[in-house]
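Coordinate inspection notes
As a plain string of letters, each chain reads:
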Amino acid sequence: MSRMEDTEVIGRIRDEFPILERKTYGERPLVYLDNTASSQTPREVLAEIDNIYTLHKANVHRGVHLLSREATDLQEASRRSVAEFINAASPEEVIFTRGTTEGINLVASSFGGEFRDGDEIILTVMEHHANIVPWQLLRRHADIRIRVVPITDDGALDLEEYRRLFNPRTRLASFCHVSNVLGTLNPVAEMIAIAHSHGVPVLVDGAQAAPHFPIDVRALDADFYVFSSHKMYGPTGIGVLYGKRDLLEKMPPYQGGGEMIKHVSFEHTTFADLPFKFEAGTPDYVGIGAFPKALDFIRRTGWNTISEQEKMLLEFATEEMERIPGMKIYGTTPDKEAVISFNVGTIHNYDLGLMLDRQGVAVRTGHHCAQPLMERLGVPGTVRASFAVYNTLRDAELFIEALRKAVAMLS
Ligand SMILES: Cc1ncc(COP(=O)(O)O)c(C=O)c1O
């Protein structure tokens, strides 16, 4: 695809996102480059949310009445759609959560509840706090040890060190598929195979992978795989925990309440079957019901278009940024997604972000919920620009222009 052609295709895709038409600070066009935090939502998802609220809002799994059955059907259709999207063996292996964070907390609390003093888990230095803190919370009941895989200076995982960290006390390896700071794409299939050769199950944090390329949980042989809808053009407030059936069946419930029981007495409770055992209380059934429309959007757009556009913008922006004196980009592996974290000279990341914002360019600044990684990089924070399929070359040019101006003013 040439740049000219893809601009036309992307122009049509962009038209599906009403928010991208809005202006900031008067007449500045919005250049939205904070897609790693949350991507925007196309009309068909917005319309489906409206449709569910307008016509089908009723609590799921509780009522005999028509609306409740319709709401339930929408939720279960969504589960089937997600299962197909990630190639799960069955919809019962798809647990709806509030997001990636809750998915990891669920596994930590339920699967990790069995960990004992001296047990070890393997994480990497590039993890989001969502994949660090839930494991530390386990220390309330067991003195578990966290082993950390280091990275090389260009932001790749040190696979040899990863191999060396396994020992008979290792209970789980848990790592991101793609880093939310460096953009690094980790060799997760190989990492899972290594863990399995030691009999160790794996959790993959797919928050930054699921929006960018197809996920096949069975081909990867992942034991747990988690991601968030709001980062993949879907509604906010929902996410997915995929787990292999045999593991999920053995795990105790995470939270107690309605929906997750078979029978309750004051003496004893028996629990519902999968997936409901892990879905206590009323879920965000509107968001869940509308999520398939986001998956439809991705399918219709096509992974090739998504990946080609994002890669093109990554290359263009990186090349242009490297021309700016004092530019330091963190994460330069050849295999990276369209996330660019950077600093310029001694300019504070927040000042740079603020100056970009004033010119209509939305980026993220700070530690990106990855303080251990910031420590490894030797900085308190970075500016992060990240692309989605609806971003155009024009967006990238406006970003570079704004960045040059901001750097000139702040230097
Ligand atoms: C790699 C990674 N893991 C976990 C999360 C947490 O996702 P959520 O806030 O949707 O639970 C994020 C969000 O930025 C992320 O990038």
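For the structure, check the block above.
It is possible for side chains of opposite charge to pair when their charged atoms get near one another. Under the definition given, this model contains 25 salt bridges. Among the ionic contacts, a cluster of salt bridges with common partners joins Glu16, Glu44 and Arg300.

Read from one edge to the other, the open sheet built from four strands follows the order 13-14-17-16, with strand pairing classed as antiparallel. Edge strands, defined here as strands with exactly one partner in the open sheet, are strand 13 (327-330) and strand 16 (364-366). For this sheet, the mean angle separating the axes of adjacent strands, direction not counted, is 30 degrees. Strand direction decides the pairing type here: strand 16 and strand 17 (residues 382-386), joined by three bridges, are antiparallel. The partner of Arg364 across the bridge, within strand 17, is Arg384.

Here we come to the packing of helix 2 (residues 43-56) against helix 3 (residues 66-86). Across the interface, helix 2 lies against helix 3 with an axial gap of 10 Å and an inter-helix angle of 155 degrees. Taken together, the axes of helix 2 and helix 3 are roughly antiparallel relative to one another. In this structure, helix 2 contributes Glu48, Ile52, Leu55 and His56 to the contact, and helix 3 contributes Leu67, Glu70, Ala71 and Leu74. Considering only residue class, the contact of helix 2 with helix 3 consists of five nonpolar, one polar and two charged.

Right, let's talk about the pairing of strand 11 (residues 261-264) for a bit. Inspection of the sheet shows strand 11 paired to strand 12 (residues 269-271) by three bridges, in the antiparallel sense. From the neighbouring strand, His263 faces strand 12, where its bridge partner is Thr270. Counting the residues between successive antiparallel strands, the hairpin from strand 11 to strand 12 contains four residues.

A few words on the side chain of Glu320. Position of Glu320 among the secondary structure elements: in helix 11 (residues 303-322). Residues within four places of Glu320 in sequence aside, it is in contact with Ile400 and Arg404.

This part takes up the site of the ligand. With respect to spatial proximity, the complete set of residues near the ligand consists of Gly99, Thr100, Thr101, His128, Ala130, Asn180, Asp205, Ala207, Gln208, Ser228, His230 and Lys231. At 2.6 Å, a side-chain N or O of Thr101 approaches an oxygen atom of the ligand. Between the ligand and Ser228, the relevant distance is 2.7 Å, taken from an oxygen atom to a side-chain nitrogen or oxygen of the residue. Here the ligand loses 87% of its free accessible area of 400 Å² to cover by the protein chains. Class assignment of the residues belonging to the shell around the ligand gives a composition of two nonpolar, eight polar and two charged.

Reading guide: rules and limits
Residues numbered from 1 in each chain as written. Predicted model: local features only at pLDDT ≥ 70, side-chain atom pairs only at ≥ 80, totals over all residues. Heavy atoms only, no water. Salt bridge = Lys/Arg side-chain N within 4 Å of Asp/Glu carboxyl O. Pairing = 2+ DSSP bridges. Helix = DSSP H or I, 4+ residues; strand = E, 2+ residues; numbered from the N terminus. Axes fitted to C-alpha atoms, helices over the stretch in contact; angles between N-to-C directions. Parallel < 35°, antiparallel > 145°, perpendicular 65-115°, else oblique. Contact = heavy atoms within 4.5 Å. Nonpolar A, V, L, I, M, F, W, Y, C, P; charged D, E, K, R; others polar. Near = heavy atom within 4 Å. Polar contact = N/O pair within 3.5 Å; in protein donor to acceptor, adjacent residues only side chain to side chain. Areas by Shrake-Rupley, 256 points an atom, 1.4 Å probe, with all protein chains shown as cover.

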